[in-house]
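The lines below spell out each chain.
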Amino acid sequence: MRGNELEGEATGGAGQQKEKKKISLALQGGGSHGAFTWGVLDTLLADERLEIAAVTGSSAGAMNAVVMTQGFIENGRAGARAKLAEFWRSLSVEGQMNPIQREVFRMFFSGWPLQTQITRWWADLVTHFASPYDFNPLNLNPLRDHLLRMVDFPSIRAFRDYPLYVGATNVHTSQIQVWHSEELQVEHVLASACLPFIFQAVEIDGVPYWDGGYRGNPALFPLFYGTKCPDIVIVQITPFVRLSTPQSARDIQDRLNEITFNGALMAEMRAVDFVNRLVDNGKLSRDEYLRINLHCIDGSSYLEAYSAVTKLDSSWHLMESLFHLGKKVADQWLVTTFDSIGVKGTLDLRRAFTAA
């Protein structure tokens, strides 16, 4: 990527207006589709009219969150943009992993030429009819060393500019577990991105965890209690709506995963709508309850054209394409939404529920 793409002018009229508006970010997971979120973040970080009040993320969203925060620690907004670019470039198989890491990463995330039916069938066979405890008995996870190289977790724990929340699913209780930035270690991020068909559960203090997307993609509730900022921007990459009926075994499983990953988020959005109506009707005090302004930078309608298999595609071509798509959608969102931040929510919850 060219340097001028990372250091470009702030979008949405930045530099012409000095008004600062605070937003909390809620970053969904979705494997390689998280590169769309990278593009969104690059655009938001370039706009100095915006301040980040808090960040919550699951799976790929958690990775984007901690990498962005590491960049902030190193060199502010410019550092955050550069760090995200470095992370996604090095995450691709064309990146900077050593040969052993690259082979393991290719095996788990893009190792089969997924465009062929035979190798797609083989990938499904391994991941759905064999346990990672069988085909990965050494519990190899190339993301561990990669994250440790990219992120200084003691610095993350000491960071105080905004709170950061990472979610994972407790395998024993089926509940969401959210960790605050003050306690984050690499295991927490690995737990948040632990797909159970690919990786062994990540054990932390004797408790096994799976991908956070199952119980919160992402979890919104930490933003209700951890900040006084009323404006939450969801970066959505998992579609609520697909206007086709899946028929193949693979497509059925993919759609079930999307429905599962969106279930907890939809429940929290319904709760926000309910509390907002009580506040608007005077049944709850604005002094005691924060009225949430929900916004959504929605890439799901664009990403619907990408099959779920591409979530496991680590090719640089795909990641770069999704990055530019994320920038485009975020640019459009800023033009239409910036004036509403701090004033009103722009996500029509009733319409979203009806459509979904």
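Residues numbered from 1 in each chain as written. Predicted model: local features only at pLDDT ≥ 70, side-chain atom pairs only at ≥ 80, totals over all residues. Heavy atoms only, no water.

Draft legend 1. Highlighting the overall build of the protein. The helix and strand tally for the protein stands at 14 helices and eight strands. The buried share of the protein, taken over its 356 residues, is 54%. Within the protein, counting contacts between residues at least 6 apart in sequence, those at least 24 apart form 78% of the total. Accessible surface, the protein as shown: approximately 16,100 Å² in total, 53% of it carbon and sulfur. (Helix = DSSP H or I, 4+ residues; strand = E, 2+ residues; numbered from the N terminus. Buried < 20%, exposed > 50% of the residue type's maximum accessible area, 1.4 Å probe, protein only. Contact = heavy atoms within 4.5 Å. Areas by Shrake-Rupley, 256 points an atom, 1.4 Å probe, with all protein chains shown as cover.)

Draft legend 2. Highlighting unusual backbone geometry. For the peptide bond that leads from Asn217 to Pro218, omega is -5°, which places it in the cis range. In this structure, Pro218 sits in the loop between strand 6 (207-211) and helix 10 (221-226). A positive phi angle, near 60°, is found at Ser59, a position not held by glycine. Among the structural elements, Ser59 can be located in the loop between strand 2 (50-58) and helix 3 (60-91). Phi angles above zero are rare outside glycine, and Asp205 is one such case at about 55°.

Draft legend 3. Examining helix 2 (residues 34-46) more closely. Its 13 residues give helix 2 an end-to-end C-alpha distance of 19 Å, which sits within 8% of 18 Å, the value for a rise of 1.5 Å per residue. Of all 13 residues that make up helix 2, 13 are buried, and the element is covered over most of its length. (Expected span 1.5 Å × (residues − 1).)

Draft legend 4. Layout of the pattern of salt bridges. In total, this model carries 11 salt bridges according to the counting rule given. A salt bridge links Arg49 to Asp47; the nearest nitrogen and oxygen atoms lie 2.6 Å apart. Each member of the pair, Arg49 together with Asp47, is buried. Among the charged side chains, a salt-bridge network with shared partners connects Asp42, Arg81 and Lys327. (Salt bridge = Lys/Arg side-chain N within 4 Å of Asp/Glu carboxyl O.)

Draft legend 5. Seen up close, the packing of aromatic side chains. All told, the structure shown has nine aromatic pairs when counted by the stated rule. Centre to centre, the rings of Trp38 and Trp316 are 6.0 Å apart; their planes meet at 40°, and the pair counts as tilted. Here Trp38 is found in helix 2, whereas its partner Trp316 is found in helix 13 (residues 316-337), with 278 residues between them in sequence. The exposure class assigned to Trp38 is buried, which follows from its relative accessible area of 0%. Judged by relative accessible area, which is 10%, Trp316 ranks as buried. Each ring, one from Trp179 and one from Tyr209, has its centre 5.0 Å from the other, and the planes form 75°; the classification is edge-to-face. Residue Trp179 is found in strand 4 (residues 176-180), and its partner Tyr209 is found in strand 6; the two are separated by 30 residues along the sequence. The same class applies to Trp179 and to Tyr209, which are both buried. Members of the aromatic cluster, connected to one another through ring pairs, are Trp38, Phe87, Trp88, Trp316 and Phe323. Here Lys21 stacks its cationic end above the ring of Phe338, 4.8 Å away from the centre of that ring. Its end group placed over the ring of Trp316, Arg89 keeps NZ or CZ at 4.5 Å from the ring centre. (Phe/Tyr/Trp six-rings, centres within 6.5 Å; stacked < 30°, edge-to-face > 60°. Lys NZ or Arg CZ within 6 Å of the ring centre and 35° of its normal.)

Draft legend 6. Main features of the packing of helix 3 against helix 7 (residues 142-150). Packing of helix 3 against helix 7 leaves a shortest axis separation of 10 Å and a crossing angle of 150°. The orientation of helix 3 relative to helix 7 falls into the category roughly antiparallel. Where helix 3 crosses over helix 7, the handedness of that crossing is right-handed. On helix 7, the residues that touch Met63, Gln70, Lys83, Glu86, Phe87, Ser90 and Leu91 of helix 3 are Leu143, His146, Leu147, Arg149 and Met150. A per-class count over the contact of helix 3 with helix 7 returns six nonpolar, three polar and three charged. (Axes fitted to C-alpha atoms, helices over the stretch in contact; angles between N-to-C directions. Parallel < 35°, antiparallel > 145°, perpendicular 65-115°, else oblique. Left-handed = near helix turned anticlockwise from the far one by under 90°. Nonpolar A, V, L, I, M, F, W, Y, C, P; charged D, E, K, R; others polar.)

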